[in-house]
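Analysis of the macromolecular model
Spelled out, the chains give:
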There are 6 protein chains.
Amino acid sequence: MLKLGFPAGSLQKATIELFGKAGFHILDSERSYLPRIDDEQIKPIMLRAQEMSRYVADGVLDAGVTGYDWIMENESDVVEVAELAYSKATSGPARWVLAVPNESKVTKPQELQAGVIATELVNVTKKYFSDKKVDVKVEFSWGVTEVKARLVDGIVELTETGSSLRANNLRIIDTVITSTPRLIANKRAWQDEFKRAKIENIAILLIAAIDARSRVGLKMNVKKSDLEAVLKILPAEKSPTISSLADSDYVAVEVIVEDKVERVLVPALKRGGASGIITYPLNKVIH
Amino acid sequence: MLKLGFPAGSLQKATIELFGKAGFHILDSERSYLPRIDDEQIKPIMLRAQEMSRYVADGVLDAGVTGYDWIMENESDVVEVAELAYSKATSGPARWVLAVPNESKVTKPQELQAGVIATELVNVTKKYFSDKKVDVKVEFSWGVTEVKARLVDGIVELTETGSSLRANNLRIIDTVITSTPRLIANKRAWQDEFKRAKIENIAILLIAAIDARSRVGLKMNVKKSDLEAVLKILPAEKSPTISSLADSDYVAVEVIVEDKVERVLVPALKRGGASGIITYPLNKVIH
Amino acid sequence: MLKLGFPAGSLQKATIELFGKAGFHILDSERSYLPRIDDEQIKPIMLRAQEMSRYVADGVLDAGVTGYDWIMENESDVVEVAELAYSKATSGPARWVLAVPNESKVTKPQELQAGVIATELVNVTKKYFSDKKVDVKVEFSWGVTEVKARLVDGIVELTETGSSLRANNLRIIDTVITSTPRLIANKRAWQDEFKRAKIENIAILLIAAIDARSRVGLKMNVKKSDLEAVLKILPAEKSPTISSLADSDYVAVEVIVEDKVERVLVPALKRGGASGIITYPLNKVIH
Amino acid sequence: MLKLGFPAGSLQKATIELFGKAGFHILDSERSYLPRIDDEQIKPIMLRAQEMSRYVADGVLDAGVTGYDWIMENESDVVEVAELAYSKATSGPARWVLAVPNESKVTKPQELQAGVIATELVNVTKKYFSDKKVDVKVEFSWGVTEVKARLVDGIVELTETGSSLRANNLRIIDTVITSTPRLIANKRAWQDEFKRAKIENIAILLIAAIDARSRVGLKMNVKKSDLEAVLKILPAEKSPTISSLADSDYVAVEVIVEDKVERVLVPALKRGGASGIITYPLNKVIH
Amino acid sequence: MLKLGFPAGSLQKATIELFGKAGFHILDSERSYLPRIDDEQIKPIMLRAQEMSRYVADGVLDAGVTGYDWIMENESDVVEVAELAYSKATSGPARWVLAVPNESKVTKPQELQAGVIATELVNVTKKYFSDKKVDVKVEFSWGVTEVKARLVDGIVELTETGSSLRANNLRIIDTVITSTPRLIANKRAWQDEFKRAKIENIAILLIAAIDARSRVGLKMNVKKSDLEAVLKILPAEKSPTISSLADSDYVAVEVIVEDKVERVLVPALKRGGASGIITYPLNKVIH
Amino acid sequence: MLKLGFPAGSLQKATIELFGKAGFHILDSERSYLPRIDDEQIKPIMLRAQEMSRYVADGVLDAGVTGYDWIMENESDVVEVAELAYSKATSGPARWVLAVPNESKVTKPQELQAGVIATELVNVTKKYFSDKKVDVKVEFSWGVTEVKARLVDGIVELTETGSSLRANNLRIIDTVITSTPRLIANKRAWQDEFKRAKIENIAILLIAAIDARSRVGLKMNVKKSDLEAVLKILPAEKSPTISSLADSDYVAVEVIVEDKVERVLVPALKRGGASGIITYPLNKVIH
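Here goes a summary of the coordinates provided. (Residues numbered from 1 in each chain as written. Chains lettered and ligands numbered in written order. Predicted model: local features only at pLDDT ≥ 70, side-chain atom pairs only at ≥ 80, totals over all residues. Heavy atoms only, no water.)

Quick word on the overall build of chain A
Looking only at helices and strands, chain A features ten helices and 17 strands. The globule rule puts the C-alpha radius of gyration for 287 residues at 19 Å, and the 24 Å found for chain A is more than 25% above it. If you line up chain A on its principal axes, its C-alpha atoms span 80 × 50 × 35 Å. The burial tally for chain A puts 56% of its 287 residues in the buried class. When the accessible area of chain A is evaluated, it comes to approximately 12400 Å², of which 49% is carbon and sulfur surface. Seen as two clouds, the 39 positive and the 39 negative side-chain charges of chain A have centres 3 Å apart. (Helix = DSSP H or I, 4+ residues; strand = E, 2+ residues; numbered from the N terminus. Rg over C-alpha atoms; globule rule 2.2 N^0.38 Å. Buried < 20%, exposed > 50% of the residue type's maximum accessible area, 1.4 Å probe, protein only. Areas by Shrake-Rupley, 256 points an atom, 1.4 Å probe, with all protein chains shown as cover. Lys, Arg positive; Asp, Glu negative; His and termini not counted. Charge placed at Lys NZ, Arg CZ, Asp CG, Glu CD.)

Shown next, in the form of structure tokens:
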């Protein structure tokens with residue numbers, strides 16, 4: 001049995017969905033911290049992302065999904081098996097930023113010398129300042145951002161787009177750490193043949209599901225005389241599958257493309273003479 | 001940059017979803033009227049559908065999505081780029097209807113001569129009655145339909161199936177205007193080469209996504225000896241893609257069909273000898 | 001017209017969704033017990049699953065969807081057209097179980113002799129005990145399980161995983177009946193040519209949609225020299241579609257697999273030398 | 001200990017609130033069917049109102065709150081301690097009515113001879129028809145009123161104002177039974193001195209709380225010379241409390257009045273010369 | 001019968017509650033625009049506050065509750081019977097303000113000459129600018145404030161505290177009109193003896209209920225020797241009711257005070273030697 | 001200005017309501033951490049209860065409301081002005097308890113020697129174990145109780161009734177600390193005359209409001225000949241206010257009683273011959 005930790009809280013829904021796409025269906029995760037899964041070799045356990053890496057490092061869990069930020073905060077000695085970039089449309093990773101009130105005079109970390117910084121990410125923040133040789137007092141704290149930031153000298157907070165900080169009249173002056181979800185493993189579990197194979201298979205399927213999210217299958221029929229021109233429109237690095245048709249003047253062309261490319265390709269292929277163009281969704285893409 | 005208006009309110013969710021299907025992912029549309037989009041050439045702005053066409057006509061926006069009803073109401077001079085029929089299962093477009101209380105004696109518009117009509121669509125309603133040479137007073141008003149209709153002589157209201165009017169004991173006596181969503185463009189923006197190409201590409205992708213919603217891909221294997229019979233079952237206007245298989249007694253047949261046709265086709269093909277029949281969902285269909 | 005009963009209540013959402021997947025879109029089922037459907041030959045009527053089979057047996061309805069448990073409870077004389085196993089990830093059917101408080105000394109049905117049993121499924125429960133020659137009083141009752149079970153000697157309750165019974169400190173001592181949803185038909189309607197054909201087509205499409213839920217399409221390119229090895233990895237009972245490619249060293253291989261198999265297959269095929277492996281979702285699978 | 005049944009379901013919230021007003025605070029009734037209460041002599045148990053009287057009659061409970069309709073349906077032999085009229089503003093009790101579709105030709109119960117009646121209140125309905133010497137088949141059924149009424153000949157349903165029946169296009173043709181909540185007691189418990197005193201005290205406090213809901217305290221200062229005139233304005237049956245004041249020209253007058261009377265009294269007293277008129281809310285009124 | 005209009009929408013809940021406090025209980029106002037009321041002389045009708053005064057002026061309604069802003073906007077010729085200041089703790093009335101984006105250079109109305117103003121309150125806004133001899137184009141519009149304000153030159157919007165305007169980065173440059181709810185009457189209805197008396201009684205009760213909201217009754221026992229000192233602590237304009245007690249060394253003192261005064265008075269009276277001080281809530285206070 | 005901290009989170013709603021009862025109305029506390037208050041001498045600031053005492057000790061706030069548990073956890077040097085027991089019906093204060101899984105063999109703290117304890121209340125827990133001379137490792141952690149308790153040796157968690165711990169199959173083995181809300185003040189602010197008077201007045205009003213919650217005013221008329229008997233029924237420690245009436249055979253008796261006493265008193269007084277008994281709610285009671 002593989003004891004596998006799932007993050008309760010903000011990553012919970014996205015992680016459960018991603019495992020579903022990967023082929024592992026988790027039931028009752030809304031109601032129980034010991035949910036069921038349709039794989040008899042896995043025992044799922046839900047824990048806060050903040051504490052996950054501690055339990056993986058200690059061997060209480062064989063593997064788990066958590067953020068890079070909390071692996072660093074806990075200074076946990078684990079194997080990082082895969083980076084998991086869930087989100088479809090947002091470009092970048094989550095960021096912990098150093099912010100001050102709009103009305104503060106501080107514009108860079110060095111000006112916070114001898115100040116008080118409130119954050120949930122105490123160790124990472126301490127390291128950030130000591131690397132910069134700035135001496136500050138770092139206090140554990142979370143929530144109530146708008147007011148808190150005005151009672152201390154600066155805060156280190158998690159943000160995706162910065163918009164809620166702006167709405168609270170706070171100004172970002174630096175990025176302390178960026179973070180994406182990771183699949184991590186305990187070091188002894190990683191030496192165990194069964195567990196390592198299981199974890200690696202999970203990683204392959206998770207990454208295949210993530211890759212499929214931003215890609216589509218594209219099919220079209222092309223006159224043999226137009227084939228060369230149409231192939232030039234396609235991204236160079238992709239080698240399309242070309243198959244013969246009953247009507248020997250035509251071939252069927254099929255290729256997997258990113259959905260950002262699809263937006264450009266579809267109008268271009270239509271103008272380039274392809275017919276019967278369709279795109280269809282994918283469950284998994286293995287490179 | 002293309003300044004593109006999205007309708008806030010009743011069309012909002014469906015429009016955001018359709019753009020997502022078309023390949024444009026819009027973020028934060030629930031929280032902000034200046035949402036983000038994963039295309040650097042587009043600046044999305046959310047506005048009420050009722051006012052959209054005024055801002056497109058004035059050039060404040062380059063293009064936008066709104067209903068035909070409000071384009072008419074505002075008498076806006078814009079380019080109508082594409083009609084967008086979102087809804088999967090409902091057959092017809094939205095209708096603005098002229099309705100009276102069940103207990104009213106009125107049965108046709110002419111009997112409302114000298115009456116008072118309450119509506120949100122004042123200009124269209126005025127034109128409707130003046131075309132019929134019926135003299136009425138048209139008052140701006142909305143909401144609280146059931147009661148309102150009893151304080152005036154008739155109302156002109158938006159309805160999809162008529163069921164909420166019936167529930168309020170109102171009787172429809174005529175249709176004033178039918179409406180579907182439209183992609184519209186400012187006349188000067190339409191002369192600009194970059195903007196026009198961008199708007200046309202968006203239109204191609206939106207229509208491809210709409211068409212894909214009511215269609216599926218259908219694949220099956222057919223014995224060569226059954227092929228002619230099976231092809232006769234398929235809709236005449238479709239030319240299927242036929243490809244050879246390793247087993248040379250069989251061919252693979254693939255065709256795109258409407259989902260209403262699929263319901264009839266699948267049992268018929270099964271009886272006609274096709275094997276391994278599957279259907280799969282589509283993201284885009286380009287005619 | 002086919003008068004077709006849909007179950008209101010706990011099966012409602014899943015049934016409406018399944019019919020949607022099968023190609024029949026039902027509108028307004030949340031608001032009206034006479035919803036609309038996009039098929040002019042069907043008149044949908046929503047009724048409680050508990051009473052459905054009575055109305056089908058009486059000919060008030062031509063056909064309907066309900067649970068096996070309530071067909072048995074009502075002792076209805078109907079044609080059982082198809083078993084419909086909706087749920088994707090849960091393994092088994094719903095169960096009506098005989099349960100007693102944790103603190104009760106009872107461990108098997110025979111020890112309930114002369115006791116009182118509370119249940120919503122009175123007839124089935126009576127038959128269960130009389131088959132076992134145990135004499136009990138069976139009372140109609142539902143809801144408020146935790147307390148009720150302590151006021152009588154035992155209860156017969158519906159459960160999926162048993163977890164809510166455990167949470168109420170109840171102990172399951174036997175299974176009285178297991179149940180899955182069924183498509184049933186009135187006996188006279190089944191003799192009517194039009195109605196029977198219509199019901200059979202609905203059954204084919206529902207089953208095709210159910211089968212598609214737990215399967216995916218899998219495609220890959222395989223070097224001809226690797227083909228035999230790769231084919232051995234695939235499930236034996238499946239005959240894959242193999243088609244030729246423009247590059248004559250390769251063939252395209254396509255196969256439909258269950259998603260539980262996919263989890264094992266994808267990593268194995270990758271290691272076996274297949275390239276461009278993708279999987280895609282299916283709408284319908286016809287065996 | 002007094003085992004006291006509280007009705008789960010539609011009466012639940014109003015009953016918990018009424019006991020709160022009476023001075024008994026029940027905790028966790030939303031989450032548990034064995035809630036807590038701040039009186040060590042009472043053990044509260046929540047059960048469906050439909051089954052309450054059976055458990056009181058059997059002595060499983062000493063007393064309980066349920067509707068008169070279900071006491072009759074269950075033909076339970078219990079002591080009816082008090083009628084509890086909860087609702088502040090609605091005038092009458094709940095009614096079970098006999099209803100038919102608007103389009104039915106039936107206008108009185110006698111025309112339903114040989115018909116089928118669907119209802120949750122089977123025994124009361126059977127008795128109603130047999131008293132009228134009308135022979136009908138009464139089927140147990142509930143929910144899905146609008147459709148059900150069209151599949152049988154008539155229904156017997158609970159209604160407060162009749163509006164939801166009208167909305168479902170049903171016509172009421174008779175009232176079968178009217179019902180208010182009752183506090184009932186087990187016959188043996190009623191013989192037990194402690195239990196009877198406890199139940200009677202509860203009844204006094206519940207009725208005092210109900211009476212207080214529709215009454216207010218009214219105070220004013222009146223010049224001695226105006227006193228006679230002012231007293232004539234007050235309802236005749238009330239004897240006001242008149243107390244002397246430091247200023248011997250005036251007296252203070254205090255009286256408890258119904259809030260419907262207050263609406264008329266306050267303007268009249270103001271015109272009649274009373275000063276410093278105030279009204280204040282009451283917790284309990286004992287006649 | 002008095003046809004009385006209640007405002008649907010933002011004023012709805014507060015108005016229904018206020019009438020309840022005044023002694024008129026309105027039922028079903030959430031579900032129906034023709035709710036019930038426990039007074040047979042009143043027929044309540046719910047309408048949007050925006051249109052209320054038009055229907056009162058036309059005599060479709062005898063009286064109604066709406067805001068001063070919409071009476072002005074509609075230029076309705078009605079009798080203003082009473083100002084109703086609902087809100088307990090907010091100090092001032094609602095305001096329609098002229099606002100511009102923070103980044104705009106405009107600081108006073110005169111700088112908007114030749115600009116475009118978007119507002120729902122078109123007539124009042126036109127009058128405001130013409131009184132100032134500033135020539136602007138006023139467009140009807142509502143909703144989507146943040147974006148709209150950036151597409152035109154200024155907006156006139158309703159605000160209570162200004163905080164949502166600030167959150168949208170808008171700057172208030174002037175107040176166009178302030179508004180409180182009003183009870184208004186039709187001019188002919190006001191001449192009708194029965195209707196006028198009824199409307200006046202309603203007004204007395206509404207104002208008595210409003211006044212009671214911000215006041216409490218205060219009672220205490222005072223030693224006769226302390227009485228003069230204690231009376232000096234009480235607000236001068238109030239004449240307390242002083243009554244004799246069985247213990248002739250003491251008197252009971254009772255007075256009605258505003259709750260803002262109560263905060264100061266209670267600690268002072270305690271220090272001044274009063275004993276048994278209590279305060280209690282009031283339903284109505286008539287001056 | 002008095003900078004006064006309000007607890008955001010679980011105490012928030014109850015604290016805002018209590019201040020409202022005390023006469024201080026706080027607006028927008030749902031939306032803003034800098035809410036408004038109707039007292040110009042107070043500046044309210046919302047902060048998490050966990051951090052409140054640190055900011056009061058540092059003088060960032062003059063006073064605040066927080067739990068005794070977090071004052072101890074932060075070891076803050078503050079003035080404890082008043083204990084505030086909010087809850088009406090629950091008897092005891094909140095408790096932090098030491099709990100272990102049901103299946104654990106541990107039955108007392110001493111058996112946890114060398115174990116790991118997870119808790120949010122790290123310092124209090126460390127002190128608890130060191131006082132008992134038990135050596136444990138205390139880890140910061142919160143949430144996901146059910147699972148967590150099985151990954152470590154014991155947890156220290158907040159509970160009110162223990163029911164959610166029981167539902168998670170945990171067993172309480174000791175109470176670590178009990179806690180009620182407190183009004184605390186900064187030591188320097190307490191020396192400031194204005195601030196101290198303000199804080200003391202707030203304390204008087206809060207306690208008067210708390211005391212009023214569990215008490216009612218009781219009035220009745222008593223025949224002079226019954227007076228002695230009736231007075232004996234009343235609680236001995238209360239001295240009732242007795243006032244003369246116009247009818248000299250009777251006196252009016254008024255007394256403040258706890259609502260638990262009221263339940264017993266009202267039936268007894270009725271039997272004792274008192275007439276016109278009413279009870280009414282109170283806003284404040286000053287002892």
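Now that the structure has been shown, the text picks up again.
What to know about the packing of aromatic side chains
Under the counting rule described, the total for this entry stands at 36 aromatic pairs over all chains. Judged by centre distance (5.6 Å) and plane angle (70°), the rings of A:Tyr280 and C:Tyr280 are edge-to-face. Residue A:Tyr280 is found in strand β16 (residues 275–281), and its partner C:Tyr280 is found in strand β16 (residues 275–281); the two belong to separate chains. Among the residues examined, C:Tyr280 registers a relative accessible area of 1% and is labelled buried. (Phe/Tyr/Trp six-rings, centres within 6.5 Å; stacked < 30°, edge-to-face > 60°.)

Digging into the sheet that holds strand β11 (residues 170–179) of chain A
Residue and element names in this part refer to chain A. Spatially, β9-β8-β10-β7-β11 is the arrangement adopted by the five strands of the open sheet, whose pairing is mixed. Two strands lie at the open edges of the sheet, namely β9 (137–140) and β11, each paired on one side alone. Here the average twist between neighbouring strands, direction ignored, is 25°. (Pairing = 2+ DSSP bridges. Axes fitted to C-alpha atoms, helices over the stretch in contact; angles between N-to-C directions.)

So, the relation of the copies chain F and chain A
Here the second copy of the chain follows from the first by a rotation about an axis and a shift along it. If you rotate chain F by 180° and push it 0.0 Å along the axis, it lands on chain A with an RMSD of 0.1 Å. Considering both components of the superposition, the chain copies are consistent with a two-fold axis. Every residue of chain F has its C-alpha some distance from the rotation axis, and the shortest such distance is that of F:Phe140, at 5.6 Å. (Least-squares fit on C-alpha atoms with pLDDT ≥ 70 in both.)

Comments concerning the pattern of salt bridges
Applying the stated criterion to the full structure yields 102 salt bridges over all chains. The partner of D:Asp38 in a salt bridge is F:Arg263, and the shortest N-O contact between them spans 3.3 Å. A residue pair is termed interchain when its members come from two chains, as with D:Asp38 in the loop between β3 (36–37) and β4 (42–48) and F:Arg263 in helix α10 (residues 259–271). Each member of the pair D:Asp38 and F:Arg263 is classed as buried. (Salt bridge = Lys/Arg side-chain N within 4 Å of Asp/Glu carboxyl O.)

Description of the packing of helix α10 (residues 259–271) of chain A against helix α8 (residues 193–213) of chain B
Following both chains from N to C, one finds α10(A) and α8(B) inclined at 95°, their axes separated by 10 Å at the closest point. Overall, the two elements α10(A) and α8(B) adopt an arrangement that is roughly perpendicular. In this structure, α10(A) uses A:Glu262, A:Arg263, A:Val266, A:Pro267 and A:Arg271 to contact α8(B), whose residues at the interface are B:Asn201, B:Ile204 and B:Leu205. By residue class, the composition of the contact of α10(A) with α8(B) is four nonpolar, one polar and three charged. (Parallel < 35°, antiparallel > 145°, perpendicular 65-115°, else oblique. Contact = heavy atoms within 4.5 Å. Nonpolar A, V, L, I, M, F, W, Y, C, P; charged D, E, K, R; others polar.)

As for the sheet that holds strand β12 (residues 181–185) of chain F
Residues and elements named next belong to chain F. The strand order across the open sheet formed by five strands is β4-β1-β5-β12-β6, and the pairing between neighbours is mixed. At either margin of the open sheet sits one strand with a lone partner, and together these are β4 (42–48) and β6 (79–83). The mean angle between the axes of side-by-side strands here comes to 30°, regardless of whether they run parallel or antiparallel. On top of the sheet, helix α1 (residues 12–22) reaches β1 (2–8), β4 and β5 (63–67); it is set at about 135° to β1, its chief contact.

Some thoughts on the interface of chain F and chain A
Listed as interface residues are 22 residues of chain F and, on the opposing side, 22 residues of chain A. Here chain F meets chain A over a buried area of about 2100 Å², counting both sides, of which 65% is carbon and sulfur. On inspection of chain F and its partner chain A, the count reaches four salt bridges. Two residues, F:Lys148 and A:Glu51, come together in a salt bridge whose shortest N-O distance is 3.3 Å. The tally of links from chain F across to chain A stands at eleven residue pairs in polar contact (both at pLDDT 80 or more). Those elements that provide at least two residues to the side of chain F that touches chain A are β4, α2 (49–58), β9 (137–140) and α5 (145–151) of chain F. Tallied by class, the residues present in the side of chain F that touches chain A amount to 14 nonpolar, two polar and six charged. (Buried area = accessible area lost by both parts, 1.4 Å probe. Polar contact = N/O pair within 3.5 Å; in protein donor to acceptor, adjacent residues only side chain to side chain.)

Quick word on the relation of the copies chain B and chain A
It takes a turn of 120° to lay chain B on chain A, together with a shift of 0.0 Å along the axis; the resulting RMSD is 0.1 Å. What the superposition gives is, in effect, a three-fold axis relating one chain to the other. Interface residue correspondence from chain B to chain A reaches only 15%, placing this contact among heterologous pairings that use different surfaces.

Structural notes on helix α4 (residues 122–131) of chain F
Residue and element names in this part refer to chain F. Residues Val 122, Val 124, Thr 125, Tyr 128 and Phe 129 constitute the buried set of α4. Looking straight down α4, one finds its buried side chains confined to an arc of 165°; they lie on one side. Looking at α4, the residues exposed on the side facing more than 90 degrees away from the buried face are Lys 127 and Asp 131. Buried residues in α4 make contact with α3 (68–74), β7 (94–101), β8 (116–119), β9, β10 (154–159) and β11 (170–179). Two residues or fewer after α4 comes Lys 133, characterised by a positive phi angle close to 60°. (Arc of directions from axis to C-beta.)

Observations regarding the pairing of strand β5 (residues 63–67) of chain E
Residue and element names in this part refer to chain E. Across the five residues that make up β5, a large majority, five, are buried. Every second residue of β5 is oriented toward a common face, with Ala 63, Val 65 and Gly 67 on one face and Gly 64 and Thr 66 on the other, all of them buried. Relative to β5, strand β1 (residues 2–8) runs parallel, the two being bridged by two bridges. Considered in β5, the bridge of Gly 5 is made with Gly 64. Looking at chain direction, β5 and strand β12 (residues 181–185) are connected through five bridges and run antiparallel. Following the sheet pairing, Ala 63 is matched in β12 by Ala 185.

Considerations on the interface of chain B and chain A
Across the contact, 26 residues belong to chain B and 25 residues belong to chain A. Summing both sides of the interface, chain B and chain A together bury roughly 2200 Å²; the carbon and sulfur share of this comes to 57%. Note that B:Glu254 is salt-bridged to A:Lys219, the shortest N-O span being 2.2 Å. Our count for the contact surface shared by chain B and chain A stands at eleven residue pairs in polar contact (both at pLDDT 80 or more). Looking at the side of chain B that touches chain A element by element, the count peaks at four residues for strand β14 (residues 241–244) of chain B. Its residues assigned to classes, the side of chain B that touches chain A shows twelve nonpolar, eight polar and six charged. Of the pairings in the sheet, the one linking β16(A) to strand β17 (residues 284–286) of chain B comprises three bridges and is antiparallel in character. In the strand pairing of β17(B), A:Thr279 is matched with B:Lys284.

Quick look at the arrangement of the chains
There is a clear gap between chain B and chain D: no contact, and 7 Å between their nearest C-alpha atoms. There is a gap between chain B and chain F: no contact, and a shortest C-alpha distance of 15 Å.

Some words on the environment of A:Asp39
Of note, A:Asp39 is situated in the loop between β3 (36–37) and β4 (42–48). Here A:Asp39 falls in the buried class, since its relative accessible area comes to 6%. Sequence-distant contacts of A:Asp39, defined by excluding residues within four places in its chain, comprise A:Phe24, A:Lys198 and C:Arg263.

Focus: the side chain of D:Asn283
Inspection of the secondary structure puts D:Asn283 in the loop between β16 (275–281) and β17 (284–285). By relative accessible area, which is 16% here, D:Asn283 ends up buried.

What to know about unusual backbone geometry
Positive phi is not limited to glycine here, since B:Asn169 has a value of about 60°. Among the structural elements, B:Asn169 can be located in the loop between α6 (163–167) and β11 (170–179).

A look at the packing of helix α1 (residues 12–22) of chain D against helix α8 (residues 193–213) of chain D
Residues and elements named next belong to chain D. Two elements in contact, α1 and α8, have axes whose closest approach is 8 Å; the angle formed by their N-to-C orientations is 100°. By the angle class used here, α1 and α8 are roughly perpendicular. Contact residues: α1 offers Glu 17, Leu 18, Phe 19, Lys 21 and Ala 22, while α8 offers Ile 202, Leu 205, Leu 206, Ala 209, Ile 210 and Arg 213. For the contact of α1 with α8, the per-class residue count stands at eight nonpolar, no polar and three charged.

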